[in-house]
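# Analysis of the macromolecular model
Chain by chain, the residues:
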Amino acid sequence: MGKGLGKILEKNKAAIAKQWFNLAAQTYAVDTAEFLKSKTDPFANPVGSAMLTGLDGILDQLIHTMDPRTLNSHLDSIIRIRAVQDFTPSQATAFIFALKKMLREYLAKELQDSRLATEFSEFESKIDQICLMAFDIYMHCREKVYQISANETRSRTFRAFERAGLISKSQDE
């Protein structure tokens, strides 16, 4: 990323992160969103805390290095939670694309400079890469949830058959 856009984003990083957090929180029900935004204590609000920390880390990576391992860690803390909630894949990752729109509005004046507009276009490509990473994380988490569910169902069925006397432990072994 060019130095001009990087400097602007770094200077406004705290405000951008807060606004992005508010957009991400709005993907939840109204009462949940209010709770996520009102409580900052990680023990009282672990989901909100994980989301705020993760978004701040993702934004930092976007501005600076784009280290895949670090990005994956920050994304995982958010997406893992959303994967076990009632979100579709698109809903679970939409908050990432919301950053693009929010930044276009936030930086409207600065983006009139063609050099910064070009830098921003490259920046948006990085956001797209992050969304693809998030989708991979979401799918991995969902696969794990389904595997756990299938294992539990199989175990319950086996125990029911065993209690009914339809199978015995020695037959299974």
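For the structure, check the block above.
A few points on the structure. Because the structure is predicted, anything quoted here is derived from the model rather than measured. (Residues numbered from 1 in each chain as written. Predicted model: local features only at pLDDT ≥ 70, side-chain atom pairs only at ≥ 80, totals over all residues. Heavy atoms only, no water.)

## Observations regarding the pattern of salt bridges
When the charged atoms of two side chains with opposite charge come close together, those side chains can pair. Per the stated rule, a full pass over the model turns up eleven salt bridges. As a salt-bridge pair, Glu34 and Lys37 come within 4.0 Å of each other at their nearest N and O atoms. Here the residue Glu34 and the residue Lys37 both occupy positions in helix H3 (residues 30–38), the gap between them amounting to three residues, near one helical turn. Note on Glu34: relative accessible area 47%, which makes it partly exposed. Accessibility expressed as a relative area gives 30% for Lys37, which makes it partly exposed. Between Asp76 and Arg80 there is a salt bridge, and its shortest N-O distance comes to 3.0 Å. Pair noted here: Asp76 and Arg80 are both in helix H5 (residues 68–83), with a separation of four residues, about one helical turn. Here Asp76 falls in the partly exposed class, since its relative accessible area comes to 22%. According to the relative accessible area criterion, Arg80 is partly exposed, its value standing at 43%. The structure contains a network of salt bridges with shared partners spanning Lys13, Asp56 and Asp60. (Salt bridge = Lys/Arg side-chain N within 4 Å of Asp/Glu carboxyl O. Helix = DSSP H or I, 4+ residues; strand = E, 2+ residues; numbered from the N terminus. Buried < 20%, exposed > 50% of the residue type's maximum accessible area, 1.4 Å probe, protein only.)

## What to know about the side chain of Glu124
Assignment of secondary structure puts Glu124 in helix H7 (residues 114–163). Of the residues examined, Glu124 reaches a relative accessible area of 15% and is grouped as buried. Excluding its chain neighbours within four sequence positions, the residues that come into contact with Glu124 are Lys100 and Arg104. (Contact = heavy atoms within 4.5 Å.)

## Overview of the packing of aromatic side chains
Each pair of aromatic rings is reported with the distance of its centres and the angle of its planes. One pass over the full model with this rule turns up three aromatic pairs. Ring geometry for Trp20 against Phe95: centres 6.2 Å apart, planes inclined by 35°, an arrangement best described as tilted. One end of the pair, Trp20, is in helix H2 (residues 13–25); the other, Phe95, is in helix H6 (residues 89–106), and 75 residues separate them in sequence. For the pair Trp20 and Phe95, a shared accessibility class is recorded, and that class is buried. Considering the side-chain rings of Tyr28 and Phe87, the 5.2 Å spacing of their centres and the 85° angle between planes classify their relative orientation as edge-to-face. In this pair, Tyr28 is assigned in the loop between H2 and H3 and Phe87 in the loop between H5 and H6, connecting sequence segments 59 residues apart. For Tyr28, a relative accessible area of 13% puts it in the buried group. (Phe/Tyr/Trp six-rings, centres within 6.5 Å; stacked < 30°, edge-to-face > 60°.)

## Some details on the state of the cysteines
A covalent bond between the sulfur atoms of two cysteines is what we call a disulfide. Within this structure, the stated rule accounts for zero disulfides. Cys141 provides the cysteine sulfur closest to Cys131, a residue in no disulfide bond, and the two sulfurs are 15 Å apart. Judged by its relative accessible area of 6%, Cys141 falls in the buried class. (Disulfide = S-S within 2.5 Å.)

## Details of the packing of H2 against H3
One can describe the packing of H2 onto H3 by two numbers: an axis separation of 9 Å at closest approach and a directional angle of 150°. Looking at the two axes, H2 sits roughly antiparallel to H3. As for the relative orientation of H2 and H3, their crossing is right-handed in sense. Residues Phe21, Asn22 and Ala25 of H2 pack against Ala33, Leu36 and Lys37 of H3. Taken together, the residues of the contact of H2 with H3 sort by class into four nonpolar, one polar and one charged. (Axes fitted to C-alpha atoms, helices over the stretch in contact; angles between N-to-C directions. Parallel < 35°, antiparallel > 145°, perpendicular 65-115°, else oblique. Left-handed = near helix turned anticlockwise from the far one by under 90°. Nonpolar A, V, L, I, M, F, W, Y, C, P; charged D, E, K, R; others polar.)

Everything listed here is a matter of geometry and, on its own, says nothing about what the molecule does.
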